[in-house]
Amino acid sequence: MKYAIIGGTGVYSLGGNVKEVSLETPYGIIDFSIMEKDDKEIIFLPRHGKDHSRPPHLVNYLGNMWALKEYGVEFVFSTVAVGSTRSDIVPGDLVLLRDFLDFTKSRPMTFYDGSSGVVHVSMKEPYCSMLCDKILKTINLRDDTIYVCTEGPRFETAAEISFYRQIGGDVVGMTNVPEVVLAKELSMCYCAVGVVTNMCTGLVNVEATGSEIIAIVKDRKEELTNLFVDIILKGDLVTDACSCRSSLIRV
Ligand code: HPA
């Protein structure tokens, strides 16, 4: 079985037997590292590219997810940096994403561009229920968090954040859509944990700096990677306990 961990600011690797791979996809070359442990291959994919050069609106979402599928990955664990719209979710918190509101504007959104007929993908369970259950059994996290995806790279205005809060958004980030959707289009199990790096615009007087945001992500990254690796190494992830392999609707 093959597993993937996707991260934002570089991906922490557990060391040991790590191999670097560059995989050619129809969307460009994707670089990732592979760690082998207990007969399992764990892929570490840096979402923004290995030199962290792609801003959120220019991440190669299609290439990244295609590469994982082509390599044979069944289960994807993702981490995303988020700002909080609520006073009871604060910097340093981890939140399990359960649903999303999409406010992106200009990104390639789908593998189904019409060349293979009209295909819809169900969003009843955007995040794999089996993987979410495994995470909740391992760590105590908020499990009803609704993620708002904005286009970036600019941050939001205070009015936008007030609106997102009113329509139910708990945290705001720039990278989980279309990643979560593309995973479903490729029938992979996908889950995402948000690392809260700041309070959103308008909620505090002093805005977080770039280095403060990066410091929080780095601080939680090792812990999160270890959590994902522990879940993977238990070896009890299955493909028939969720709806991820039956979410495509052809019309
Ligand atoms: N807004 C959007 N994306 C983010 C934020 C935010 O406040 N924090 C981290 N990623």
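Numbering of residues starts from 1 in every chain and runs along the sequence as written. Confidence filtering applies because this is a predicted model: local features only for residues at pLDDT of at least 70, side-chain atom pairs given and counted only at 80 or more, and all residues used for totals across whole chains, interfaces and linings. Water and hydrogen atoms were dropped before computing side-chain values, which therefore reflect all heavy atoms in the structure.

Peer 1: Help me understand helix 2 (residues 129-138), please; the structure alone is not making it clear to me.
Peer 2: Side chains that are three or four residues apart share a direction in an α-helix, a result of its 3.6 residues per turn. Remark: exposure states derive from per-residue accessible area (1.4 Å probe, protein chains only) relative to the maximum for the residue type, with buried under 20%, exposed over 50%, and partly exposed in between. Helix numbering and strand numbering both begin at the N terminus, where a helix is a DSSP run of H or I of at least 4 residues and a strand a DSSP run of E of at least 2. Buried within helix 2 we find Ser129, Met130, Leu131, Cys132 and Ile135. Elements in contact with the buried residues of helix 2: strand 5 (73-84), strand 6 (94-103), strand 10 (189-199) and helix 5 (210-234). Note on contacts: a residue pair is in contact if any heavy atoms of the two residues lie within 4.5 Å.

Peer 1: What should I look at first to understand the site of the ligand in this one?
Peer 2: Neighbouring residues are identified by heavy atoms, a residue being near a molecule or strand if any of them is within 4 Å of it. Around the ligand sit Ala81, Val82, Gly83, Phe155, Glu156, Val172, Gly173, Met174, Thr197, Asn198 and Cys200, and those are all the residues in its vicinity. The term polar contact refers here to a pair of N or O atoms within 3.5 Å; inside protein, the definition further demands a hydrogen-donor-capable atom paired with an acceptor-capable atom, and it admits residues adjacent in sequence only when both atoms are side-chain atoms. At 2.8 Å from a nitrogen atom of the ligand is found a side-chain nitrogen or oxygen belonging to Glu156. For the ligand, a nitrogen atom lies 2.6 Å from a polar atom in the side chain of Asn198. Per-residue and other accessible areas were derived by the Shrake-Rupley procedure at a 1.4 Å probe size, with only the shown protein chains allowed to occlude residues. In the complex, 94% of the free accessible area of the ligand, which totals 260 Å², lies under the protein chains. Elements represented by at least two residues in the shell around the ligand include exactly strand 5, strand 9 (171-173) and strand 10. In terms of residue count, the dominant contributor to the shell around the ligand is strand 5 (three residues). When residues are sorted by character, Ala, Val, Leu, Ile, Met, Phe, Trp, Tyr, Cys and Pro go into the nonpolar class, Asp, Glu, Lys and Arg into the charged class, and all the rest, Gly among them, into the polar class. The class makeup of the residues in the shell around the ligand is six nonpolar, four polar and one charged.

Peer 1: How should the packing of aromatic side chains be read in this particular structure?
Peer 2: Describing an aromatic ring pair means giving the distance of the ring centres and the angle of the ring planes. Pairing of aromatic rings covers Phe, Tyr and the six-membered ring of Trp, with a centre-to-centre limit of 6.5 Å; geometry is then stacked below 30 degrees between planes, edge-to-face above 60, and tilted otherwise. For the structure shown, the criterion picks out ten aromatic pairs. Considering the side-chain rings of Tyr3 and Phe75, the 5.6 Å spacing of their centres and the 20° angle between planes classify their relative orientation as stacked. Of this pair, Tyr3 sits in strand 1 (residues 2-7) while Phe75 sits in strand 5, placing them 72 residues apart in sequence. Here the two residues Tyr3 and Phe75 agree in accessibility, since each one is buried. Aromatic side chains Tyr127 and Tyr190 sit 6.3 Å apart centroid to centroid with 35° between the ring planes, which places their arrangement in the tilted category.

Peer 1: How do you make sense of the side chain of His48 when you look at a structure like this?
Peer 2: Mapped onto the secondary structure, His48 falls in the loop between strand 4 (40-46) and helix 1 (61-71). Judged by relative accessible area, His48 falls into the buried class, the value being 9%. From its side chain, His48 meets the backbone oxygen of Arg54 in a polar contact 2.7 Å long. With residues near it in sequence (within four places) discarded, His48 still touches Gly8, Ser53, Arg54, Pro55, Pro56, Val59 and Thr175.

Peer 1: Quick question: what am I supposed to make of the pattern of salt bridges here?
Peer 2: Note that side chains of opposite charge can pair when their charged atoms are close. Every case where a carboxyl oxygen of Asp or Glu lies within 4 Å of a side-chain nitrogen of Lys or Arg is listed as a salt bridge. On inspection of all chains with the given rule, the structure shows twelve salt bridges. Asp88 is paired through a salt bridge with Arg86; the nearest N and O atoms lie 2.8 Å apart. Residue class for Arg86 comes out buried when judged on its relative accessible area of 19%. Between Arg142 and Asp144 there is a salt bridge whose closest N-O contact spans 3.5 Å. Since its relative accessible area comes to 25%, Arg142 is described here as partly exposed. With a relative accessible area of 47%, Asp144 lands in the partly exposed category. Look at the salt bridges and you will find they share partners, linking Arg86, Asp88, Arg142, Asp144, Arg165 and Asp170 into a network.

Peer 1: Quick question: what am I supposed to make of the environment of Tyr112 here?
Peer 2: Mapped onto the elements of the fold, Tyr112 is located in the loop between strand 6 and strand 7 (119-121). When neighbours within four sequence positions are excluded, Tyr112 is seen to be in contact with Val119, Glu185, Leu248 and Arg250.

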